[in-house]
Amino acid sequence: MSRQKRGNLSLREDLRVNTPGIRGAVESAIFHGRRTWCWRMQIRNGQDFATGLFFIAIGLGAYWIAFDYPMGTAMRPDTGVLPKALAWLLVGTGLILAVKSLLADGPRLTGWAWRPAIMITIATVAFALLVDRLGLVLTMLVSMTLAAIGTPETRWREYALFAVFMVVLGVVVFIYGLGMPIPTWPKGLSWR
Amino acid sequence: MALDGLLANLALGLSVAATMQNLMWCLMGAVIGTAVGVLPGVGPVATMALLLPVTYVLPAEGALIMLAGIYYGAQYGGSTTAILVNLPGESSSVVTTLDGYQMARQGRAGPALAIAAIGSFFAGCVATILIAAAAPPLTQLAQKFAPADYFSLMVLGLVFSIVLARGSIVKAFGMVFLGMLLGLVGTDVNTGNLRFTFDISDLFDGLGFVPLAMGIFGIAEIIANLTNPERRDLVSSKVSNLWPSREDFRRSRGPILRGTALGSILGLLPGGGAVLGSFSAYTLEKKVSKTPEKFGTGMIEGVAGPEAANNAAAQTSFIPMLTLGIPSNAVMAMMIGGMMIHGIIPGPQVMEQRPGLFWGMIVSMWFGNLMLIVLNLPMIGLWVRLLLVPYRLLAIAVLFFCCIGVYSLNNSANEVLFIAAFGLLGYLLIKLDCEPAPLLLGFILGPMMEVYMRRAMLLSRGDPWVFVQRPLSLTFLVLAGILLLLVILPFIRKGRETAFQE
């Protein structure tokens, strides 16, 4: 890619191409401004850089949402004071981190564990959505199996035995023992 | 007179703690604590978060006694794994792996375990007495606090948690701010205005502490741990020859005393707690030792000191929570969560309004330590067997307990969705190398600080100088300032990093 072309990348593309870790790309330059002059800066600490961006994004988002919150007076500070102050503090912290990441070397972002992250999240969400409808037994089986898919280490025969054990334990402890108002089985056959 | 009062208080505590029911909850906490301590990848914070909803059905005394037992129980259990498997069962037993595992490889696992347990027991007893002695005067002091003083004390607490957090200080700052921001979600108590609720009715009451802690500590840990399959190299499943030799005892006496003293002090610091205690004690033992080069090759001093220190610190960290209502670490934040579930507002008034609860909990700590030494020494083989449960199954069990635990809080499936979201946030924070403990403290302290800030401003008629005009408040702020300066100086910071790396 020529310099000029890279200078025209949108910030997002630029990050995608150039931030170490996000694409695993090598450390490389971010170009700002015009064609004739551009300054070269290396992201030397991908982890800090990403953290900085994360803080800045949250801070700006919080400020935007809190924009209309009333500020009150010094004697009676109102709803908006602390949210806005914290939003700016977060942005400031993020800026420091981002600048620091250009000045000193540090660790890059390492690879994401997509498989467990996605499967564990889906398993949790599945539990939330199903438990009132399908009852505890089926929900547990679905949710635990989804979680088991999350790691390549699962041995399915061992898992099957474990799942039966957990379901029995769950029903005995939480429904009979603690008397939680969760249905054991789906109510009727309709989904309501 | 002071002694009489103390004895009367302890007698009251004894009458509460020694009831059959409360002894049972104490035992339960100790057993669960040891179990999660032994198991790597399951920590006391996540466990307490899991059990908070369950404690709802217990009386307040039983609930808090059990929750406390989990924390100090985990300190005992953590050392077992550290010594036998070379894996820290808890972060506070990281340094125990250095010399403990070497001892185990030399066939001296028994003495290492025994000294760890005895050191912990001694430290636990001393710290219990310390809590009982320190609590009343501190409580009296706390009653003189004006809102401005509380505000500044909380600032100091947050600064401590930032300074003592592992890794980058700037990130710890960000985590505190983020935590405070999360704490503001919901209805503003003073005005009734809604903040950051996105018109979601589940958010009108604010984010729950339990879903937040469970997501960030429980679910996120599962995701992270499933990525890096651990290896467990169990030295041997049978531990023989438990009793340490006379020589072992002689060499451990000093380290246990020093570890107890150091741990007790560091436990008091906000943000301190067990981890800091054990690291510092190891460093101290190395400095004091005539043969520092031998550390790491199976020196019993390197087991005795840190193990005494982490247990002492675990217990003295209750002091700021009990007397001032200020959590000094994530576990204490969890204890405050447990109190609030039972409608107890933590603070100096707890000791006066619920003396039975207060002193009962303190005395129960001594019972708990006694139970733990029995649980951990003769029954060590049982706990070792727990290590045979592979993490791939443990993870699924923990996930299920998280889900059903949060569901049972309000019988609301929507809260389970929150833990999914917080789990992802927590995983992001792990990848960004941001320690979540300051976030949790900010989450708890943020809304409290806002309340005190408003009261102080109202009392001073809008004059912000009130925070430096009151001597107590000024002292806290100056201390906070000095701490920050110390940390920003690179010289001190280097020292801090090496202390943590060792």
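These numbers were taken from a predicted model, which means no experiment stands behind them.

**Q** Hey, could you go over the overall build of chain B for me, with residue numbers and the actual values?
**A** Regarding its fold elements, chain B presents 23 helices and 2 strands. Taking 502 residues into account, the globule formula puts the C-alpha radius of gyration at 23 Å, and chain B, at 22 Å, falls close to it. Dimensions along the principal axes, computed over C-alpha positions, put chain B at roughly 70 × 55 × 55 Å. Taking all 502 residues of chain B together, 62% fall into the buried category.

**Q** A description of the overall build of chain A should follow, citing residues and the corresponding values.
**A** Across its full length, chain A holds 6 helices and 0 strands. The N-to-C order of helical and strand elements in chain A reads α-α-α-α-α-α. Across the 192 residues of chain A, 31% fall into the buried class. For chain A, restricting intrachain contacts to residue pairs at least 6 apart in sequence, the fraction spanning at least 24 positions comes to 62%.

**Q** Which residues make up the interface of chain B and chain A, and what values do they have?
**A** Between chain B and chain A, the residue contacts involve 52 residues of the former and 55 residues of the latter. For the side of chain B that touches chain A, the secondary structure elements donating two or more residues are helix 8 (169-184), helix 9 (209-227), helix 18 (391-410), helix 19 (413-431) and helix 20 (437-459) of chain B. Of the residues that constitute the side of chain B that touches chain A, the class distribution is 34 nonpolar, 9 polar and 9 charged.

**Q** Tell me about the packing of helix 3 (residues 44-55) of chain B against helix 9 of chain B, residues and numbers included.
**A** All names here are of chain B. Closest axis-to-axis distance for the helix 3/helix 9 pair is 9 Å, and the angle between their directions is 135 degrees. It follows from the interaxial angle that helix 3 and helix 9 lie oblique. Relative to helix 9, helix 3 is oriented so that their crossing is left-handed. Judged by residue contacts, Val-45, Ala-46, Ala-49, Leu-50, Leu-52 and Pro-53 of helix 3 engage Val-210, Ala-213, Met-214, Phe-217, Gly-218 and Glu-221 from helix 9. Considering only residue class, the contact of helix 3 with helix 9 consists of 10 nonpolar, 1 polar and 1 charged.

**Q** Tell me about helix 4 (residues 60-85) of chain B, and please be specific about residues and values.
**A** Because an α-helix completes one turn every 3.6 residues, residues spaced three or four positions apart along the sequence face the same direction. All names here are of chain B. Taking 1.5 Å per residue, 26 residues should reach 38 Å; helix 4 reaches 37 Å between its end C-alpha atoms and fits that length. At Ala-74, helix 4 is bent by approximately 30 degrees, the largest bend along its length. Asn-86 sits one or two positions beyond helix 4 and adopts a positive phi of about 65 degrees.

**Q** If you had to explain the nonpolar core to someone new, which residues and values would you point to?
**A** The tendency in soluble globular proteins is for nonpolar side chains to be buried side by side. Of all hydrophobic cores here, the largest spans 223 residues; its most connected members are B:Ala49, B:Ala213, B:Met214 and B:Leu399. A total of 18 residues in this core trace back to one element, the largest contributor, which is helix 6 (residues 109-142) of chain B. When residues of this core are sorted by domain, at least three fall in each of domain 2 (46-111) and domain 3 (114-177) of chain A. Here B:Leu399 is in contact with A:Ile120, A:Ala123, A:Thr124, A:Ala147, B:Ile219 and B:Ile222, once residues within four sequence places are set aside.

**Q** Please set out helix 22 (residues 471-488) of chain B residue by residue, giving values where relevant.
**A** Taking 1.5 Å per residue, 18 residues should reach 26 Å; helix 22 of chain B reaches 26 Å between its end C-alpha atoms and fits that length. Among the structural elements, helix 7 (147-164) and helix 21 (466-469) of chain B are those in contact with the buried residues of helix 22 of chain B.

**Q** So, the confidence of the model for chain B: which residues are in play, and what are the values?
**A** Summarising the model, chain B shows a mean pLDDT of 85, and 94% of its residues fall at 70 or more. Here helix 23 (residues 490-501) of chain B is the element of chain B with the lowest mean pLDDT, 52, and helix 8 of chain B is the one with the highest, 93.

**Q** Can you lay out the confidence of the model for chain A for me, pointing to particular residues and giving the numbers?
**A** For chain A, the average pLDDT comes to 79, and 76% of its residues sit at 70 or higher. Across residues 1-38 of chain A the pLDDT falls below 50, and counting only partners more than four positions away or on other chains, this stretch makes 44 contacts in the model.

**Q** Give a description of the environment of B:Asp4 that names residues and reports values.
**A** On the secondary structure map, B:Asp4 appears in helix 1 (residues 2-17). For B:Asp4 and B:Gly405, which are 401 residues apart along the polypeptide, the C-alpha to C-alpha distance reads 43 Å.

**Q** Describe the environment of A:Tyr176, with residues and values.
**A** Residue and element names in this part refer to chain A. Looking at the element boundaries, Tyr-176 is found in helix 6 (residues 156-177). Since 10 C-beta atoms lie within 10 Å of it, Tyr-176 is described here as exposed. Counting along the chain gives 35 residues from Tyr-176 to Leu-141, while the straight-line C-alpha distance between them is 19 Å.

**Q** Would you mind going over unusual backbone geometry in detail, with residue names and values included?
**A** Residues and elements named next belong to chain B. Its identity as a non-glycine residue notwithstanding, Asp-433 has a phi of 60 degrees, on the positive side. With respect to the helices, strands and loops of the structure, Asp-433 is situated in the loop between helix 19 and helix 20. Phi is positive for Arg-461, close to 55 degrees, though the residue is something other than glycine. Within the secondary structure layout, Arg-461 lies in the loop between helix 20 and helix 21.

**Q** Summarise the environment of A:Ala50; cite the residues concerned and give the values.
**A** Looking at the element boundaries, A:Ala50 is found in helix 3 (residues 46-66). A:Ala50 sits 12 residues away from A:Ala62 along the chain, and the two C-alpha atoms are 18 Å apart.

Reading guide: rules and limits
- Here the residue numbers are simple positions, counted from 1 along each chain's written sequence.
- Chain letters and ligand numbers both follow the written order, the letters beginning at A and the numbers at 1.
- In keeping with the predicted nature of the model, local features appear solely for residues at pLDDT of at least 70, side-chain atom pairs appear and are counted solely at 80 or more, and the whole-chain, interface and lining totals rest on all residues.
- The numbering of helices and of strands both runs from the N terminus, where a helix is a DSSP run of H or I of at least 4 residues and a strand a run of E of at least 2.
- Radius of gyration here is computed from C-alpha atoms only, and the compact-globule reference equals 2.2 Å multiplied by the residue count raised to the power 0.38.
- Three exposure classes are used, all based on how many other C-beta atoms lie within 10 Å of a residue's own C-beta (placed from the backbone): buried at 20 or more, exposed at 12 or fewer, and partly exposed between those limits.
- A residue pair is marked as a contact if its C-beta atoms, positioned from the backbone, fall within 7 Å.
- For this scheme, ten residues count as nonpolar: Ala, Val, Leu, Ile, Met, Phe, Trp, Tyr, Cys and Pro. Four count as charged, namely Asp, Glu, Lys and Arg, and the remainder, Gly too, count as polar.
- All axes are obtained by fitting lines to C-alpha atoms, using only the stretch in contact for helices, and the reported angles, taken between N-to-C directions, cover 0 to 180 degrees.
- Here is the rule for angles: anything less than 35 degrees is roughly parallel, anything more than 145 is roughly antiparallel, 65 through 115 is roughly perpendicular, and the remaining ranges are oblique.
- A clockwise turn of the near helix away from the far one marks a right-handed crossing, whereas an anticlockwise turn of less than a right angle marks a left-handed crossing.
- One less than the residue count of a helix, multiplied by 1.5 Å, gives the span that helix is expected to have.
- One fitted axis covers the seven residues ending at a residue, a second covers the seven starting there, and the bend at that residue is the angle between these axes.
- Joined through C-beta atoms within 7 Å, a set of buried Ala, Val, Leu, Ile, Met, Phe, Trp, Tyr and Cys residues constitutes a nonpolar core.
- Domain boundaries shown here were taken from an automatic or database domain assignment.
- pLDDT runs from 0 to 100 and stands for how confident the predictor is about each residue.

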